[in-house]
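Read off the chains here:
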Amino acid sequence: MLLCIDCGNTNTVFSIWDGTRFLCTLRTSTHHARTADAYFTWYSTLVSHYGIDAKITDVIISSTVPRVVFNLRVFADRFFGCRPLVVGKPECALPIPPRVDAGTTVGPDRLVNAAGAFDRHGGDLIVVDFGTATTFDVVAADGAYVGGVIAPGVNLSLEALHMGAAALPHVDISMPDKVIGTNTVQCIQSGIFWGYVGLVQGICDRVRAEYGRPMKTIATGGLAALFQSNVDLFDTFEDDLTMHGLTVIHDYNTTQG
Ligand SMILES: Nc1ncnc2c1ncn2[C@@H]1O[C@H](COP(=O)(O)OP(=O)(O)OP(=O)(O)O)[C@@H](O)[C@H]1O
Ligand SMILES: CC(C)(CO)[C@@H](O)C(=O)NCCC(=O)O
Ligand SMILES: [K+]
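In this text the structure is predicted, and so the values were computed from the model without any measurement. (Residues numbered from 1 in each chain as written. Chains lettered and ligands numbered in written order. Predicted model: local features only at pLDDT ≥ 70, side-chain atom pairs only at ≥ 80, totals over all residues. Heavy atoms only, no water.)

**As for the site of ligand 2**
So, point 1. In the vicinity of ligand 2, the residues found are Asn 9, Thr 64, Thr 105, Val 106, Gly 107, Asp 109, Arg 110, Thr 135 and Ile 150.
So, point 2. The backbone of Gly 107 places a nitrogen or oxygen atom 2.8 Å from an oxygen atom of ligand 2.
So, point 3. Within the side chain of Asp 109, an N or O atom sits 2.5 Å from an oxygen atom of ligand 2.
So, point 4. When isolated, ligand 2 has an accessible area of 380 Å², and the protein chains bury 72% of it.
So, point 5. Counted by class, the shell around ligand 2 contains two nonpolar, five polar and two charged residues. (Near = heavy atom within 4 Å. Polar contact = N/O pair within 3.5 Å; in protein donor to acceptor, adjacent residues only side chain to side chain. Areas by Shrake-Rupley, 256 points an atom, 1.4 Å probe, with all protein chains shown as cover. Nonpolar A, V, L, I, M, F, W, Y, C, P; charged D, E, K, R; others polar.)

**So, the environment of Asp 251**
So, point 1. Residue placement: Asp 251 occurs in helix α7 (residues 241-255).
So, point 2. Separated by 115 residues in sequence, Asp 251 and Phe 136 have C-alpha atoms that sit 25 Å apart. (Helix = DSSP H or I, 4+ residues; strand = E, 2+ residues; numbered from the N terminus.)

**Quick word on the packing of helix α4 (residues 154-164) against helix α5 (residues 184-211)**
So, point 1. Contact geometry for α4 and α5: axes closest at 11 Å, N-to-C directions at 145 degrees. Crossing of α4 against α5: the hand is right-handed. The residues of α5 that touch α4, namely those facing Val 154, Ser 157, Leu 158 and Leu 161, are Ile 188, Ile 192 and Tyr 196.
So, point 2. In terms of residue class, the contact of α4 with α5 is made up of six nonpolar, one polar and no charged. (Axes fitted to C-alpha atoms, helices over the stretch in contact; angles between N-to-C directions. Left-handed = near helix turned anticlockwise from the far one by under 90°. Contact = heavy atoms within 4.5 Å.)

**Concerning the pairing of strand β1 (residues 2-7)**
Along any regular strand the residues' side chains alternate between the sheet's two faces.
So, point 1. By the criterion of burial, β1 is predominantly enclosed, with six of the six residues buried.
So, point 2. Neither face of β1 is exposed, since Leu 2, Cys 4 and Asp 6 on one face and Leu 3, Ile 5 and Cys 7 on the opposite face are all buried.
So, point 3. One ladder, built from six bridges, connects β1 with strand β4 (residues 58-63); its direction is parallel. Each bridged residue has a counterpart across the sheet, and for Asp 6 the counterpart in β4 is Ser 62. (Buried < 20%, exposed > 50% of the residue type's maximum accessible area, 1.4 Å probe, protein only. Pairing = 2+ DSSP bridges.)

**Focus on the UniProt feature "binding site: substrate" (unreviewed entry) in the protein**
So, point 1. The UniProt record marks Gly 107, Pro 108, Asp 109, Arg 110 and Thr 184 with the feature "binding site: substrate" (unreviewed entry), using the residue numbering of this structure. For the residues just named, distributed over 78 residues, the greatest C-alpha separation reaches 37.7 Å, placing them at more than one site.
So, point 2. Looking at the secondary structure, you find Pro 108 in helix α3 (residues 108-121).
So, point 3. Once you skip the residues sitting within four places of it in the chain, Pro 108 turns out to touch Ser 62, Ser 63, Thr 64 and Val 87.
So, point 4. With relative accessibility at 40%, the residue Thr 184 sits in the partly exposed group.
So, point 5. Setting aside residues no more than four positions away along its own chain, Thr 184 makes contact with Leu 168 and Pro 169. (UniProt positions renumbered as here; feature names shortened; annotations may be inferred.)

**Remarks on the pattern of salt bridges**
So, point 1. On inspection of all chains with the given rule, the structure shows seven salt bridges.
So, point 2. Asp 142 is the salt-bridge partner of Arg 99, the closest N and O atoms lying 2.8 Å from each other. On the criterion of sequence distance, the pair formed by Arg 99 in the loop between β5 (85-86) and α3 and Asp 142 in the loop between β7 (133-139) and β8 (145-152) is long-range, its members being 43 residues apart.
So, point 3. Put simply, Arg 213 and Asp 124 hold a salt bridge, and the shortest N to O gap is 2.8 Å. Of this pair, Arg 213 sits in the loop between α5 and β9 (216-220) while Asp 124 sits in the loop between α3 and β6 (125-130), and the two are 89 residues apart along the sequence.
So, point 4. By relative accessible area, Arg 213 is classed as partly exposed at 44%. (Salt bridge = Lys/Arg side-chain N within 4 Å of Asp/Glu carboxyl O.)

Okay, here's the thing in structure tokens:
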């Protein structure tokens, strides 16, 4: 069985793929200092809690935090006796290489999202991922990642307001009933929620105009659901897009010969 690891700047997600479906998804916050033993303690506790009997033979990692990769490699080696595939490293091939400026290192999560979305939908896509950052990845007709947009994430923007302005509290994101807030919390929620709706709509419209062909919009990331349920921003919302992309890249590397 394949263990897929998606390590973002905020959260690290493990998911076990049995070749047909994901048996479970485990989430923890990202800490560069977490040891291989600590990963295993956390992992084995949850796996046995869910009553899953998984014999892991392969591990694939996408990490936007370079420092965590060392301990995840040790984790894979020590507990599963395998050498993980690490997206972005030369030994991990991509089905279609990105077309970007020479010397650019595209975030592995974006390459994985592009591979996952292309596998499900074909090309000419905008993939929007609401993570620590809100990223827009453009996937060409042949499946290549050809560029995109990076904006501050929803929670990061809320945190920035709180950090930068003495009188503004920490607020959780939610959809406000109205645009004109009549208290501080409502004003902040309105600014972030409706600001993001405008940001997503505006960027997608401009990307489409520049790209010059019809494009499908695929959204992923926990907060995408909040926007999708209230405003018609995306064609589809796929919670497991990054995990699916990891299985696609793993498949490609193991069947390639
Ligand atoms: N309504 C909500 N209010 C606040 N936070 C939410 C809400 N819905 C989901 N979230 C949070 O959104 C996050 C979604 O996780 P996701 O993996 O998409 O991105 P992330 O973990 O924040 O970023 P990264 O992948 O860059 O680490 C989770 O941490 C979850 O707690
Ligand atoms: C933009 C983030 C932080 C989103 O997770 C990540 O993809 C990243 O660190 N990217 C590197 C720069 C780039 O993708 O062009
Ligand atoms: K993510």
